[in-house]
Amino acid sequence: MGTTETLFTTRDDESARMPRVGTESFYRHALARYGDNAEGVHWRSADSQRVRFEVLRDLLPDDLSGIDLVDVGCGLGDLYQFLSARGEAPRRYIGLDAVQAMVERARVRTGCPILHCDVLSDPLPEADWYLASGTLALLTPDETRAFIERCLGHVSTGLVFNLLKGRHQSTTFNYQMPDVIEAWANEIGVAVRIVDGYLSGDFSAALTHRDG
């Protein structure tokens with residue numbers, strides 16, 4: 001699988017390291033309130049979730065039937081159901097989620113391997129591609145950089161993900177700008193493609209190994 005040189009260092013900027021709300025409680029409360037749907041995994045609506053899935057899908061290879069795909073922060077397994085409904089299920093799908101309640105539901109809904117996993121610290125499976133939709137919303141900037149580097153270290157080809165777009169600081173959500181992701185990609189030594197403008201305050205990126 002591809003490897004990437006780890007360039008991540010902790011900055012002195014306190015805002016880059018400031019902890020936010022706990023992932024477990026953030027999503028568990030939404031799931032209890034809204035149930036097994038898009039709102040239950042903190043999407044504004046099923047439509048906005050679908051738009052994000054469509055953009056990320058377009059950043060993956062045209063043919064998914066021959067790839068192994070890891071869905072980081074898979075929630076209820078909605079991405080797998082989205083791809084399957086289009087007849088585009090990957091050769092192998094693995095979901096990862098840090099919230100046990102999501103893991104249990106996703107296993108039932110997809111019939112696929114779903115692992116209870118903290119991507120920043122736990123062992124990760126090898127795959128062709130990693131995908132993360134909404135997963136970076138609660139991370140700090142430093143954690144975002146570490147997340148990207150960890151995922152790239154376990155793929156043969158690349159990582160696709162979306163982020164909230166903005167320069168302002170939030171004590172809850174993680175906002176980034178495309179130029180920051182492009183700069184990180186250049187430092188790490190991977191190719192980058194940015195897609196913007198599909199939803200207000202959101203952008204997506206594909207980072208790929210240059211030999212992938």
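Reading the values: rules and limits
Residues numbered from 1 in each chain as written. Predicted model: local features only at pLDDT ≥ 70, side-chain atom pairs only at ≥ 80, totals over all residues. Heavy atoms only, no water. Salt bridge = Lys/Arg side-chain N within 4 Å of Asp/Glu carboxyl O. Helix = DSSP H or I, 4+ residues; strand = E, 2+ residues; numbered from the N terminus. Buried < 20%, exposed > 50% of the residue type's maximum accessible area, 1.4 Å probe, protein only.

Asks: Would you take a moment to explain the pattern of salt bridges for this structure?
Replies: Charged atoms that come close allow side chains of opposite charge to pair. Counted according to the given criterion, the structure contains 12 salt bridges. A salt bridge links Arg52 to Asp202, with the shortest nitrogen-to-oxygen separation between them at 2.9 Å. You can see Arg52 sitting in helix 3 (residues 46-59) and its partner Asp202 sitting in strand 8 (residues 202-208), a full 150 residues away along the chain. Here the two residues Arg52 and Asp202 agree in accessibility, since each one is buried. Measuring nitrogen to oxygen at the nearest pair gives 3.0 Å for the salt bridge that ties Arg91 to Asp68. Taken together, the residues Arg91 in the loop between helix 4 (78-85) and strand 2 (92-97) and Asp68 in strand 1 (residues 68-72) connect sequence positions 23 residues apart. The exposure class of Arg91 is exposed, given its relative accessible area of 52%. Taken together, the salt bridges that share partners define one network made up of Asp47, Arg50 and Glu54.

Honestly, it's all geometry; don't read function into it.
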